[in-house]
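Summary of the model geometry
Residues per chain, in single letters:
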Amino acid sequence: MKGLMRKDLALVAVNARTYLFVLLIVAVWMFATVKGGEISYFGCIYMIIVFGFVGLSTITSDEQNRAVGFLMTLPIKRSDYVKEKYLLCAMYIICGWALSVILAAVIYRGRILAADEPFIIFSVLYMLAVAMLICLMIPVNFRFGTEAARIVLVGVFAVIVLGVGAGLYLLEKIIPDHSYFDKIAEMFDKVTAGQLLIVFLAVLAVEGALSYLYSLRVIKRKEF
C-alpha cells in the first residue's frame, strides 16, 4: 500500500500550483471579510471540498489511464487498493481543514476560539460533512465510473432538494399558519455544536464502514 500511496501523492503533486491558487483565493476571501468584522466560513468549506476531491480525482486518473488493470497485475491486494483510496482522501480532507484553520487563525486571530463564533467546531463539522460526501462518492466511482458518478451525484442532490421541497409542501398543507417554522427553529436552537459533532461522527462511522465494504466488494468482483 505504501507504493500506491507514493504513486498517488506524485500524481497529485503534478497539479500543486492549482492547489496553491486555491489557497490564495481562500486567503484573499478571508482578508476581504475580516474588514467587515465577520468570520467567513465559505473559505473553510471551499478548501475542504477542493482537497477532498483531490484524493477522489486519483480514481479518475487510474480509470482514464487504465492504470488499475496494470496495478492489479502487481503483487498487491485489491483490498490494499481500496484502503489506500480511503486513506488518501482522509489525508487530503484533514489537510484542507488544517490549512483553512491555520489561515483563519492568522487572519481572524483569537476570534476563531470565541464562544459566540466557534469557528473551530463548525470547521470540524464541515470536515465531517465533506468526508460523508466522499464516502458516498468513492464506491459510486468504483461501481459506475467517473462520468456516471457525476450524474449519480447530481441525482442525489436533486432527490434531496425534491425531498425537502415535498416535505415543506406537506407541512404547509397540514399546518397552514407556518408555525412549524418556529418549532423547527426552536428545535435547532436547542441543539449544541457538541451534540451535532457526536451525531456527525456516528453517521460518518456507519457510512464509512458500509462504503468501504461495498467498495471492496465492487473491486473484488470487477474484471480489469
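The structure this text deals with has already been given above.
Residues numbered from 1 in each chain as written. Predicted model: local features only at pLDDT ≥ 70, side-chain atom pairs only at ≥ 80, totals over all residues. Heavy atoms only, no water.

Take the nonpolar core next. Grouped together as the largest cluster of nonpolar side chains are 52 residues, with contacts concentrated most on Met30, Tyr81, Ile93, Ile134, Ile138 and Phe142. Of all the secondary structure elements, the ones that give two or more residues to this core are helix H1 (2-13), helix H2 (16-34), helix H3 (42-64), helix H4 (67-71), helix H5 (78-108), helix H6 (119-144), helix H7 (146-174) and helix H9 (193-221). When near neighbours in sequence (up to four residues on either side) are disregarded, isoleucine 134 contacts Gly52, Phe53, Leu56, Cys89 and Ile93. (Core = buried A, V, L, I, M, F, W, Y, C linked by side-chain atoms within 4.5 Å. Buried < 20%, exposed > 50% of the residue type's maximum accessible area, 1.4 Å probe, protein only. Helix = DSSP H or I, 4+ residues; strand = E, 2+ residues; numbered from the N terminus. Contact = heavy atoms within 4.5 Å.)

Going through the model one piece at a time under the given rule, you end up with 5 aromatic pairs. With 5.9 Å between their ring centres and 65° between their planes, tyrosine 41 and phenylalanine 122 make a pair best called edge-to-face. Of the two residues, tyrosine 41 sits in the loop between H2 and H3 while phenylalanine 122 sits in helix H6, which places them 81 residues apart along the sequence. The exposure class assigned to tyrosine 41 is partly exposed, which follows from its relative accessible area of 21%. By relative accessible area, phenylalanine 122 is classed as partly exposed at 30%. Between phenylalanine 42 and tyrosine 46, the aromatic rings sit 5.8 Å apart at their centres with planes inclined by 15°, giving stacked as the arrangement. Of the two residues, phenylalanine 42 and tyrosine 46 are both situated in helix H3; the distance of 4 residues between them amounts to about one turn of the helix. By the ring-pair criterion, three or more aromatic residues cluster together here, those being Tyr41, Phe122 and Tyr126. (Phe/Tyr/Trp six-rings, centres within 6.5 Å; stacked < 30°, edge-to-face > 60°.)

On to the environment of glycine 43. Structurally, the position occupied by glycine 43 is in helix H3. For glycine 43, a relative accessible area of 1% corresponds to the buried category.

A word on the layout of surface pockets. One simple way to see leftover space: roll a probe sized like a water molecule over the atoms. Approximately 210 Å³ is the volume attributed to the largest pocket. Lining the largest pocket we find Tyr86, Cys89, Ala90, Ile93, Ile94, Met127, Leu128, Ala131, Ile134, Cys135, Ile138 and Leu204. Those elements that place two or more of their residues in the lining of the largest pocket are H5 and H6. Here the lining of the largest pocket takes 6 residues from H6, the largest share from any one element. Residue classes in the lining of the largest pocket are distributed as 12 nonpolar, no polar and no charged. (1 Å grid on protein atoms, 1.4 Å probe; cavity = no way out; pocket = protein on both sides within 12 Å on 5 of 7 lines; lining within 4 Å. Points joined across faces, edges and corners; volume = space filled by probe spheres on them. Nonpolar A, V, L, I, M, F, W, Y, C, P; charged D, E, K, R; others polar.)

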